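Architecture at a glance
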Amino acid sequence: MNHLFRALPSVDVCLSEVLRHAPELQAQPRPLLREAVTAYWDMRREDIRARRLSEAEQLALAAHLPLLLAHVRAALRPRLRPVINATGVVVHTNMGRSVLAPEACEAVLRAAQGYSTLELDLTTGGRGSRQTLTEELICRLTGAEAAMTVNNNAAAVLLVLDTFCRGGEVIVSRGELVEIGGSFRIPEVMAKSGAHLREVGATNRTHLRDYAAAINENTRALMRVHTSNYRIVGFHEAVPLEEMVALARQHDLPVFEDLGSGSLTDFSACGLPNEPTVPSVLAAGADIVTFSGDKVLGGPQAGIIAGSRERIAALKANQLTRALRCDKLTLAALEATLRLYCDPDSARERIPTLRMIFLSAETLSRLARRLAARLRRTLGATCRVSLRDGVSRVGGGAFPQYDLPTTLVCLQPTACPATQLRQRLLDGNPPLVGRLDEQAFCLDPRTLREQEYGLVARLVHNALNERTQP
Ligand SMILES: *Cc1c(COP(=O)(O)O)cnc(C)c1O
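Residues numbered from 1 in each chain as written. Predicted model: local features only at pLDDT ≥ 70, side-chain atom pairs only at ≥ 80, totals over all residues. Heavy atoms only, no water.

In the nomenclature of an unreviewed UniProt entry, the protein chain corresponds to L-seryl-tRNA(Sec) selenium transferase from the organism Candidatus Desulfovibrio intestinavium. UniProt annotates the protein chain under Pathway (unreviewed entry) with the comment "Aminoacyl-tRNA biosynthesis; selenocysteinyl-tRNA(Sec) biosynthesis; selenocysteinyl-tRNA(Sec) from L-seryl-tRNA(Sec) (bacterial route): step 1/1." According to the UniProt record, the Sequence similarities (unreviewed entry) comment for the protein chain reads "Belongs to the SelA family." (UniProt positions renumbered as here; feature names shortened; annotations may be inferred.)

Have a look at this one:
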């Protein structure tokens, strides 16, 4: 065995061969490259010990180069990297929710590359507030008197409850005690904030009298939570916001609304229900509205809080605000995104989340045919390519169970099951994520960009022609 260990090529020789064949790795940190090379040969040492390798010739560098290169490339790949979303779920939390508008991307780059006015008051040269960067735009777009931003909507809800409800009770309808993605549950967030949840009504029905009966001297607020990721159908009743506001006013209590998705857009034009928008909730009298920046708003991850001047001032004064604040890159992207909303038509065209939601069934059918033609040309007989009517989803807990009509491009490989194609595409570079539907692997053009079609065809071709690893 010792002669085999001695026959292993040196790390330096391997490294220079790797860099000769993969010059793009030159810019990578040397210690990481060396570790990756060493790790590869450590695996081969294991092979020698287990007698899977027994001839010195089997250890020649030339024979190992393709696998060594693949190993080093994989080891050096960023962990956060682009994927192709062909699922048709527009706001896909696992894939980073909203894609930013070009204007927002440019703003992020500008903020990242140099110093900025993040907290600089240009009239005095002294310290300003980062909250002023987006407040005016939020007020303009929502009709609120004042506004602020924090790290995400979960933080926004926590801050509101901590500021106004700590030690007291908050009344919430039983039908609204939502859990979002497993890690955000209204009852738990409430507990963390030190507020006590007072559930009222039944799961499917809550009446104004239920709220009225629950109000006592410990009550701090009435809260409404948007039932983002599910729908109660059938025998169901919730209290209109106006009635809740009127009741709260009688008792000098505020009404908080956690809108979740928080849209500034009327989506009824694309067949979605006319859900409350941020301006409509504020106009109906809610004292504070909280919503996400990266759901249907189409901006960066952020929590936006809009409401009365007095309430927002109290929130800004809470020490927690410091721990929950947004960074400059987020604020740059958010400001640029909100600016686009000042012209609603351009917002629909420039903000990818809105553009994808508004794609019409006719356009999607045309795009699907184009994608299918491209795939047929590239794949030949290795795969059956067909079209099927299907549905896309807004995602991100917005418009649950509402279907957006689309045309799916369905792939049925001739030599392997669709499940295997799906796995190989996940292993590809970049990974391609689609969905399995009745023995076929389906691509939804809604979340694909046309300039990605060539890449999609290449990735599928590679996945179908990949030889199974020994
Ligand atoms: C999504 C959602 C949240 C959490 O928002 P994040 O921005 O993900 O923190 C809270 N409440 C509701 C109703 C939601 O839909």
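Taken together, the five strands give an open sheet; going across it, the order is β2-β12-β13-β16-β15, and neighbouring strands pair in mixed fashion. Both edges of this open sheet fall to β2 (89–91) and β15 (435–437), since each of them pairs with a single strand only. Ignoring strand direction, the axes of neighbouring strands in this sheet form an average angle of 40 degrees. With ten bridges connecting them, strand β12 (residues 383–395) and strand β13 (residues 404–413) associate as antiparallel partners. Each residue of the ladder has a partner; that of arginine 384, found in β13, is glutamine 412. Taken strand by strand, helix α17 (residues 361–379) contacts β12, β13 and β16 (440–443), and its axis lies near 10 degrees from that of β13. Packing against the sheet, helix α18 (residues 418–426) makes contact with β13, β15 and β16, and its axis sits at approximately 45 degrees to β16. (Pairing = 2+ DSSP bridges. Helix = DSSP H or I, 4+ residues; strand = E, 2+ residues; numbered from the N terminus. Axes fitted to C-alpha atoms, helices over the stretch in contact; angles between N-to-C directions. Contact = heavy atoms within 4.5 Å.)

Below, the discussion takes up the UniProt feature "modified residue: N6-(pyridoxal phosphate)lysine" (unreviewed entry) in the protein chain. Here the UniProt-annotated "modified residue: N6-(pyridoxal phosphate)lysine" (unreviewed entry) positions come out as Lys295. With respect to the element layout, lysine 295 can be found in the loop between β10 (288–292) and β11 (303–307). A residue is classified by how much of its surface remains accessible, and lysine 295, at 5% relative accessible area, is buried. If we ignore the near neighbours within four places in the chain, the residues touching lysine 295 are Val91, Arg97, Ser98, Gly260, Ser261, Thr353 and Gly396. (Buried < 20%, exposed > 50% of the residue type's maximum accessible area, 1.4 Å probe, protein only.)

Summed over all chains, the structure comprises three aromatic pairs. Taken together, a centroid distance of 5.6 Å and an interplanar angle of 40 degrees make the contact between phenylalanine 164 and phenylalanine 256 tilted. A residue pair is termed long-range when its members are at least 10 positions apart, and phenylalanine 164 in helix α7 (residues 153–165) and phenylalanine 256 in strand β9 (residues 255–260) qualify at 92 residues. Both rings, one in phenylalanine 267 and one in phenylalanine 358, keep their centres 5.5 Å apart while their planes meet at 25 degrees; by these two values the pair is stacked. Of this pair, phenylalanine 267 sits in the loop between β9 and α11 (278–283) while phenylalanine 358 sits in helix α16 (residues 352–358), and the two are 91 residues apart along the sequence. Its relative accessible area of 2% is what places phenylalanine 267 among the buried residues. A cation over a ring is seen here: arginine 311 above phenylalanine 164, with NZ or CZ 4.9 Å from the ring centre. Above the plane of the ring of phenylalanine 358 lies arginine 348, whose end atom (NZ or CZ) is 4.1 Å from the centre. (Phe/Tyr/Trp six-rings, centres within 6.5 Å; stacked < 30°, edge-to-face > 60°. Lys NZ or Arg CZ within 6 Å of the ring centre and 35° of its normal.)

A few words now on the environment of proline 78. Positionally, proline 78 belongs in the loop between α4 (61–76) and β1 (84–85). A sequence separation of 361 residues divides proline 78 from glutamine 439, and the C-alpha atoms of the two residues are 33 Å apart.

In spatial order, the strands read β3-β11-β10-β9-β8-β4-β7; together these seven strands make up an open sheet with mixed pairing. Only two strands of the sheet have a single partner each, and these edge strands are β3 (146–150) and β7 (196–200). On average, adjacent strands in this sheet sit at an angle of 25 degrees to one another, irrespective of strand direction. Inspection of the sheet shows β9 paired to β10 by four bridges, in the parallel sense. What sits directly across from aspartate 258, in β10, is threonine 290. Along the sheet, helix α10 (residues 241–250) contacts β8 (219–225) and β9; its crossing angle with β8, the most-contacted strand, is approximately 175 degrees.

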